[in-house]
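Close look at the chain arrangement
Spelled out, the chains give:
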2 protein chains.
Amino acid sequence: MAELFEDLNPPQRLLMGPGPVNAHPRVLAAMSAPLLGQFDPQFREYMKQTSALYRGVFQTANRWTLLVDGTARAAIEAALVSLIEPGDRVLVPVFGRFGNLIVEIARRCGADVRVIEVEWGKVFADEALQATVSREKPKLVAVCHGDTSTTMAQPLAALGKACREHDALLYVDATATLGGMDIQTDAWQLDVVTAGLQKCMGGPPGSAPLTLNERAERRIVRRRHIEAGLQDNKYKAGEGPIIASNYFDLAMIMDYWSDKALNHHTEATSMLYAARECARIVLQEGLANAFARHAAASRALTAGLKAIGLELFGDQDHKMPNITGVHIPRGVDGEAVRRALLAEHNIEIGTSFGPLHGRIWRIGTMGYNAREDAVLATLDALEAVLAAQKFKLPRRAGVDAARSAFG
Amino acid sequence: MAELFEDLNPPQRLLMGPGPVNAHPRVLAAMSAPLLGQFDPQFREYMKQTSALYRGVFQTANRWTLLVDGTARAAIEAALVSLIEPGDRVLVPVFGRFGNLIVEIARRCGADVRVIEVEWGKVFADEALQATVSREKPKLVAVCHGDTSTTMAQPLAALGKACREHDALLYVDATATLGGMDIQTDAWQLDVVTAGLQKCMGGPPGSAPLTLNERAERRIVRRRHIEAGLQDNKYKAGEGPIIASNYFDLAMIMDYWSDKALNHHTEATSMLYAARECARIVLQEGLANAFARHAAASRALTAGLKAIGLELFGDQDHKMPNITGVHIPRGVDGEAVRRALLAEHNIEIGTSFGPLHGRIWRIGTMGYNAREDAVLATLDALEAVLAAQKFKLPRRAGVDAARSAFG
């Protein structure tokens, strides 16, 4: 008989990295509910409820608020490949790795990509973005809201206004911020926003919420195409160039989620259950309360790190509340610290990418883990591991400072 | 406060359609296990085990045996977009809707697609396929193994041999057959095979196993590309045209699954747990036993349907054992029967697409549901509903015939 390996029995880690973080227990429980057929009336009702719930989370009235079946990156690609026609000018403000990802995907979609960059650890001034939109006149501006690689969050309201003034569409990757930071899709005039579950939404990776408004819908529907074998005189195809992907064809995904219920990809049942429960938990807490909880965890964590004697990374005025970059002190082996935290304390914190690799750790306070006990346990463990590495620090100062910050 | 809807509480359906079917209870339980970080040593170990387990399921020694994070269709697209370079000649034998899907995706990839077709309900003779491969000299042949739209399964061994002789790659969509029918990836010389969990593997949709051999690897790696911000002198990019998708770039997904562990998409943790458990269950039963169980369920179901007085659809010599097409009898409202089965008996059977729409029902006996009690309950309910629709039938004949067939 083939090797079957042991029964699944993952250790109970406390995941304080850039995500995935621990899923809320209610979300884990939801995934073990019995499956339904994709056209079962009860399942279609759950799909509709999921749309309604994510309208609440995205702060939008957009009819088209749905899930892309894949990780957060799947929704980024679905948005870009459905919006970008080959040759379209696309402006991407890059302030970290996930900006680079948008550039890369947009190029694969055949866009004429214009990039503006700031140093990792900063964001763009509103005026700089407005001037660039005015100068470049892109068809689409695509930007990451909170880039976990640098822990920075880009303010979006002025950019939304500029895009509307210059008739550009605005796409926002809110993977790392949805549920943890204010994202006013409608008020800020964001045309398409995508996210994931595994950050502030308190779920596992594998389902990606997306919302799009009527401006985006018009762009997409002109490229509408109906799968052979499902063709029907009732529904008309569009005139525009076909979307390069079938799986990420948002016109088709909209037809699947709509009352037409045109067959497409077989909705990922258990992940939809998870996504629905994530949204219920966030809305039950209340968006304002959830944002305040993330902000409080961030204040406490940063107070604790400073009290330990560590230096925070980047522009603190634009730091995301759900992730914190902290410099690895001179003489300390950053990876050895991470290994010891995992081995001795079952706590995961994050490494970093590109220009920051080996220079900073990234500590998440996301979703279910944006809690006092999680922050205190992390600081406590970090103190212990740093002390074992002969880093001089005032014992208990980090935990005490964090407790005080929580009030 | 926003409308939160009720607690998740799906009815306990018996899903006897073309999939998703009921997940095995062990798979549902696996999804509620605690999450791990994507680079946690234990999680990397689970990824390796998952590869090893699917090598067993795919009957292959292929190093690259991994999951694509999406539904079955995601792996189809990942295979095609990674293998097809624009302008490549691709031959697609079409015998149902999922052949049409391959055609469509291949066209979106820029292929020069050549199609051969047979009537829905039949498959291709080996000689016809061999002659076409020899004549068309495609770079790639892409075919569905078992097309649930017609319930037919295409024999593959002769096609594999022909592709090797004419230096074509062979891609097989085994979404609906993996775990339920023999698929000898290596022995039949299949270069790339993809599947899903929601049919004979007994899991939910949302994760798509894929295996590829060294011939396919060479084709893909020449198009290798490293994400900006992760670039590193250690790893060389290829010379071929970049793959049009980032999310489905198998060269990148291979780098993520390999010991390089290059960051890509954040593996869908809970779905990987599910996929791992599905494979353990199938291998624990033994492939031969699993295939025999599907065949027995099919024999019993078809015996029962015939005893009721219904006519089976399609070439019975090439019918998939895990799904059965049956003609809707004259004077019976097919959709009313399906609605009554669901409302009165909590049993789902399938409708059909395209030329078969309104003409046949499709009844699945897949994965966890390829069981005697599930077949008997379905026949019993179908008898009751047909009788209520004034269809004349010998009461209990269906169930009795099925019981006898099970022996």
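As the structure is a computational prediction, the values presented were derived from the model and not from experiment. (Residues numbered from 1 in each chain as written. Chains lettered and ligands numbered in written order. Predicted model: local features only at pLDDT ≥ 70, side-chain atom pairs only at ≥ 80, totals over all residues.)

1. A short note on the overall build of chain A
Scanning chain A from terminus to terminus reveals 13 helices and 13 strands. Taken over the C-alpha trace, chain A has a radius of gyration of 22 Å; the compact-globule value for 407 residues is 22 Å, and the two agree within 12%. Here the C-alpha coordinates of chain A stretch approximately 75 × 60 × 45 Å along the principal axes. For chain A, with 407 residues in total, the buried portion stands at 60%. (Helix = DSSP H or I, 4+ residues; strand = E, 2+ residues; numbered from the N terminus. Rg over C-alpha atoms; globule rule 2.2 N^0.38 Å. Buried ≥ 20, exposed ≤ 12 C-beta atoms within 10 Å, placed from the backbone.)

2. Concerning helix α4 (residues 97-108) of chain B
All names here are of chain B. The end-to-end C-alpha distance of α4, which contains twelve residues, comes to 17 Å, matching closely the 16 Å that a straight helix rising 1.5 Å per residue would cover. Close packing links the buried residues of α4 with α3 (72-83), β3 (89-94), β4 (112-117), β5 (140-144), β6 (146-147) and β8 (169-173). Immediately beyond the C-terminal end of α4, within one or two residues, lies G110, with a positive phi of roughly 90 degrees. (Expected span 1.5 Å × (residues − 1). Contact = placed C-beta atoms within 7 Å.)

3. A short note on the relation of the copies chain B and chain A
In screw terms, the move from chain B to chain A is a rotation of 180 degrees and a rise of 0.0 Å along the axis, fitting with an RMSD of 0.0 Å. Both copies of the chain, as the preceding transformation shows, are related through a two-fold rotation axis. Relative to the rotation axis, the C-alpha of G70 of chain B is the closest in chain B, positioned 2.3 Å from it. The share of interface residues of chain B whose copies in chain A are also at the interface is 99%, consistent with both copies meeting through the same surface. (Least-squares fit on C-alpha atoms with pLDDT ≥ 70 in both.)

4. With respect to the nonpolar core
Ranked by internal contacts, the top residues of the largest apolar core, which has 287 residues, are L80 and A106 of chain A together with L80 and A106 of chain B. Beyond its immediate stretch of four places on either side in the chain, A106 of chain A contacts L80, I84, V90, V92, A111, V113 and A142 of chain A. (Core = buried A, V, L, I, M, F, W, Y, C linked by C-beta atoms within 7 Å.)

5. Quick word on unusual backbone geometry
Working note: non-glycine residues mostly have negative phi, and peptide bonds are mostly trans. Residues G19 of chain A and P20 of chain A are joined by a peptide bond in cis, for which omega reads 0 degrees. Looking at the secondary structure, you find P20 of chain A in the loop between β1 (14-16) and α1 (25-30). One non-glycine residue, R396 of chain A, lies in positive phi territory at about 75 degrees. Along the chain, R396 of chain A falls in the loop between α12 (372-388) and α13 (397-406). At D167 of chain B, a position not held by glycine, the phi torsion is positive, near 55 degrees.

6. Some points on the interface of chain B and chain A
Across the boundary between the two partners, chain B contributes 72 residues, which contact 73 residues of chain A. If you tally residues by element for the side of chain B that touches chain A, the top one is helix α9 (residues 269-285) of chain B, at nine residues. Of the residues contributing to the side of chain B that touches chain A, the split by class is 35 nonpolar, 23 polar and 14 charged. (Nonpolar A, V, L, I, M, F, W, Y, C, P; charged D, E, K, R; others polar.)

7. Things to note about the sheet that holds strand β10 (residues 208-212) of chain A
All names here are of chain A. Pairing within the open sheet is mixed, and its seven strands lie in the order β2-β10-β9-β8-β5-β3-β4. The open sheet is flanked by β2 (64-68) and β4 (112-117), the only strands paired with a single partner. Averaged over all neighbouring strand pairs, the angle between strand axes comes to 15 degrees, with direction disregarded. Across two bridges, strand β3 (residues 89-94) lies against strand β5 (residues 140-144) in parallel orientation. By the bridge assignment, L91 is partnered in β5 with V141. (Pairing = 2+ DSSP bridges. Axes fitted to C-alpha atoms, helices over the stretch in contact; angles between N-to-C directions.)

8. Details of the pairing of β8 of chain B
All names here are of chain B. Most of β8 sits out of view: five of its five residues are buried. Burial along β8 is two-sided: the face carrying L169, Y171 and D173 and the face carrying L170 and V172 are both buried. As paired elements, β5 and β8 share five bridges and run parallel to each other. In the strand pairing of β8, V141 is matched with L170. Taken together, the three bridges between β8 and strand β9 (residues 192-194) define a ladder with parallel strand orientation. Within the sheet, the bridge partner assigned to Y171 lies in β9 and is V192.

9. Examining the sheet that holds β3 of chain B
Residue and element names in this part refer to chain B. Strand order in the open sheet formed by seven strands is β2-β10-β9-β8-β5-β3-β4, with mixed pairing between adjacent strands. Pairing within the sheet leaves two strands with one partner each, and these edge strands are β2 (64-68) and β4. Taken over all neighbouring pairs, the strand axes of this sheet differ in orientation by 15 degrees on average, direction set aside. With six bridges joining them, β3 and β4 adopt parallel strand pairing.

10. Examining helix α12 (residues 372-388) of chain B
Residues and elements named next belong to chain B. Taking 1.5 Å per residue as the helical rise, α12 with its 17 residues ought to reach 24 Å, and the 24 Å between its terminal C-alpha atoms agrees with that figure. A374, V375, T378, L379, A381, L382, E383, V385 and L386 are the residues of α12 that are buried. As for α12, its buried residues are in contact with β1 (14-15), α10 (287-308), α11 (334-345), β12 (347-348), β13 (360-364) and α13 (397-406). Looking one or two residues past α12, K390 carries a phi angle of roughly 70 degrees, positive in sign.

11. Description of the packing of α12 of chain B against α13 of chain B
Residue and element names in this part refer to chain B. At a minimum axis separation of 8 Å, α12 and α13 run at an interaxial angle of 160 degrees. Considered as vectors, α12 and α13 are oriented roughly antiparallel to each other. Relative to α13, α12 is oriented so that their crossing is right-handed. Along the contact surface, α12 presents E372, V375, L376, L379, D380 and E383, while α13 presents G398, V399, A402, R403 and F406. Residue composition of the contact of α12 with α13, grouped by class: six nonpolar, one polar and four charged. (Parallel < 35°, antiparallel > 145°, perpendicular 65-115°, else oblique. Left-handed = near helix turned anticlockwise from the far one by under 90°.)

12. Regarding the environment of R330 of chain B
Mapped onto the elements of the fold, R330 of chain B is located in the loop between β11 (323-327) and α11. C-alpha separation for the pair R330 of chain B and R359 of chain B, spaced 29 residues apart in sequence, amounts to 9.5 Å.

13. Quick look at the packing of helix α10 (residues 287-308) of chain A against α12 of chain A
All names here are of chain A. Packing of α10 against α12 leaves a shortest axis separation of 10 Å and a crossing angle of 15 degrees. The angle between α10 and α12 places the two elements in the roughly parallel class. Note that α10 runs across α12; the crossing there is right-handed. Here A297, A300, L301, G304 and I308 of α10 come into contact with α12, specifically with V375, L379, L382 and E383. Residue composition of the contact of α10 with α12, by class: seven nonpolar, one polar and one charged.

14. What to know about the environment of E217 of chain B
All names here are of chain B. Relative to the helices and strands, E217 is located in helix α7 (residues 214-221). With 18 C-beta atoms counted inside 10 Å, the residue E217 sits in the partly exposed group. As a C-alpha pair, E217 and D191 span 26 residues in sequence and 9.2 Å in three-dimensional space.

15. Quick look at the domain arrangement of chain A
All names here are of chain A. Domain assignment breaks chain A into domain 1 (18-283) and domain 2 (287-406). Here the C-alpha centre of domain 2 lies 30 Å away from the C-alpha centre of domain 1. Counting residues at the interface gives 29 residues for domain 1, matched by 27 residues for domain 2. (Domains from an automatic or database assignment.)

16. As for the confidence of the model for chain A
Summing up the model confidence of chain A, the mean pLDDT is 96 and the portion of residues at 70 or higher is 98%. Note on the complex model: pTM 0.98, ipTM 0.97. (pLDDT = per-residue confidence, 0-100.)

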